[in-house]
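# Close look at the chain arrangement
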Amino acid sequence: MRIDILTLLPELLESPLCHSIVKRAQDKGQVAIHVHNIRDYGKGDYRQVDDYAFGGGAGMVMQIEPVFTLIENLKAERTYDEIIYLTPDGERLAQPMVNHLSIFTNIMLLCGHYKGIDHRIREHLITREISIGDYVLSGGELAAAVLVDAIVRVVPGVISDETSALTDSFQDGLLAPPIYTRPEEFNGWRVPEVLLSGNHKLIAEWQEEQALERTKLLRPDLLEE
Ligand code: 6GU
């Protein structure tokens, strides 16, 4: 899978994409992530990429031309399954959408900044708009990092233990059960006995029950869907 990220702040994406599972997936050639600086396509000596909003109002607006040129250049090289704009007024991200995106070959992510982007980009070039939650970030970069991380971990083969990504919270519509490691007792706090029993059937039953209980308690909305 190839992911192209278009941004005015490539530095913001460096660290999140260079560690852990996302780094390993790139090293193993399972995912190729290319970050493009929109400013490289800005016009004039100052490489201008933003301008005042027609009709007035506070804040600068990302111009159509640099983004258009960059997107067209990329589209000339390959076909994109989706061209996604990260924006707080997009569709709210959840696991089913992540799974859906993870089977694509090429996706493009456009990070907005300033007050927004010229709306014609959204109308004519973008195929999908995604938000990561009901709050406002300063730009789409952190949202793009969240989306890429969520996608990459479910790309087939990225997590070596095939079942691991599938037992994440939300994959079955439930929160994950509690987990423990050694020591069996710390400060008088014991690990639940059933986990030490070696009885895999009992353990699976306990985990299912815990997942359901925690979901009822913490996220009853998930059970209503
Ligand atoms: Cl995708 N972008 C911005 N700027 N803020 C957000 C967001 C995206 N998702 C939630 N808040």
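Everything quoted here is computed from the prediction, not taken from an experiment. (Residues numbered from 1 in each chain as written. Predicted model: local features only at pLDDT ≥ 70, side-chain atom pairs only at ≥ 80, totals over all residues. Heavy atoms only, no water.)

### Considerations on the domain arrangement of the chain
- Segmentation of the chain into domains returns domain 1 (2-152) and domain 2 (167-224).
- Each of domain 1 and domain 2 has a C-alpha centre, and these two points are 37 Å apart. (Domains from an automatic or database assignment.)

### Focus: the packing of aromatic side chains
- Summed over all chains, the structure comprises 1 aromatic pair.
- Here the aromatic rings of F186 and W189 are separated by 5.9 Å at their centres, their planes lie at 55 degrees, and the arrangement is tilted.
- Overall, W189 belongs to the exposed group, its relative accessible area being 59%. (Phe/Tyr/Trp six-rings, centres within 6.5 Å; stacked < 30°, edge-to-face > 60°. Buried < 20%, exposed > 50% of the residue type's maximum accessible area, 1.4 Å probe, protein only.)

### Digging into the sheet that holds strand β4 (residues 60-62)
- Spatial ordering of the open sheet is given by β3-β4-β7, a layout of 3 strands whose pairing is mixed. The sheet terminates laterally at β3 (50-52) and β7 (116-117), the two strands that pair on one side only.
- With 2 bridges joining them, β4 and β7 adopt parallel strand pairing. Within β7, the residue paired with M62 across the bridge is I117. (Pairing = 2+ DSSP bridges. Helix = DSSP H or I, 4+ residues; strand = E, 2+ residues; numbered from the N terminus.)

### Comments concerning the packing of helix α2 (residues 20-27) against helix α6 (residues 141-152)
- Where α2 contacts α6, the two axes come as close as 9 Å, and the packing angle between them is 65 degrees. Between α2 and α6 the crossing geometry is left-handed. Contacts between α2 and α6 pair I21, V22 and A25 from the former with V148, D149 and V152 from the latter.
- Its residues assigned to classes, the contact of α2 with α6 comprises 5 nonpolar, no polar and 1 charged. (Axes fitted to C-alpha atoms, helices over the stretch in contact; angles between N-to-C directions. Left-handed = near helix turned anticlockwise from the far one by under 90°. Contact = heavy atoms within 4.5 Å. Nonpolar A, V, L, I, M, F, W, Y, C, P; charged D, E, K, R; others polar.)

### Observations regarding the side chain of E82
- Position of E82 among the secondary structure elements: in strand β5 (residues 82-92).
- In this structure the side chain of E82 is engaged in a polar contact, spanning 2.6 Å, whose partner is the side chain of T127.
- The residues touching E82, leaving out its near neighbours within four places in the chain, are L101, F104, N106, I107, M108, T127 and R128. (Polar contact = N/O pair within 3.5 Å; in protein donor to acceptor, adjacent residues only side chain to side chain.)

### Considerations on a nonpolar patch on the surface
- A surface patch of nonpolar side chains, about 410 Å² in accessible area, is lined by L9, L12, Y135, L137 and L142.
- Along the chain, L142 falls in helix α6. (Patch = residues over 30% accessible without salt bridge, like charges linked within 9 Å, V, L, I, M, F, W, Y side chains within 5 Å. Areas by Shrake-Rupley, 256 points an atom, 1.4 Å probe, with all protein chains shown as cover. Salt bridge = Lys/Arg side-chain N within 4 Å of Asp/Glu carboxyl O.)

### Describing unusual backbone geometry
- With an omega of 5 degrees, the peptide bond between R182 and P183 qualifies as cis.
- Mapping P183 onto the fold places it in the loop between α6 and β9 (185-186).
- You will see that S20, though not glycine, has its phi angle at about 60 degrees, which is positive.
- In this structure, S20 sits in helix α2.
- In this model, F170 sits at a positive phi of 85 degrees, which is unusual for a non-glycine residue.
- Its place among the elements puts F170 in the loop between α6 and β9.

### So, the site of the ligand
- Neighbouring the ligand are the residues L86, T87, P88, I130, S131, I132, G133, Y135, V136, L137, G139 and A143.
- In the environment of the ligand, a nitrogen atom lies 2.5 Å from a nitrogen or oxygen atom belonging to the backbone of Y135.
- Take L137: an N or O atom from its main chain is 3.0 Å from a nitrogen atom of the ligand.
- Taken by itself the ligand offers 290 Å² of open surface, and the protein chains cover 96% of this.
- Of all the secondary structure elements, the ones that give two or more residues to the shell around the ligand are β5 and β8 (128-131).
- In terms of residue count, the dominant contributor to the shell around the ligand is β5 (3 residues). (Near = heavy atom within 4 Å.)

### Here's the deal with the environment of A25
- Relative to the elements of secondary structure, A25 occurs in helix α2.
- For A25, a relative accessible area of 1% corresponds to the buried category.
- As a C-alpha pair, A25 and V158 span 133 residues in sequence and 5.8 Å in three-dimensional space.
- Setting aside chain neighbours within four positions, we find A25 in contact with Q30, V31, V152 and V158.

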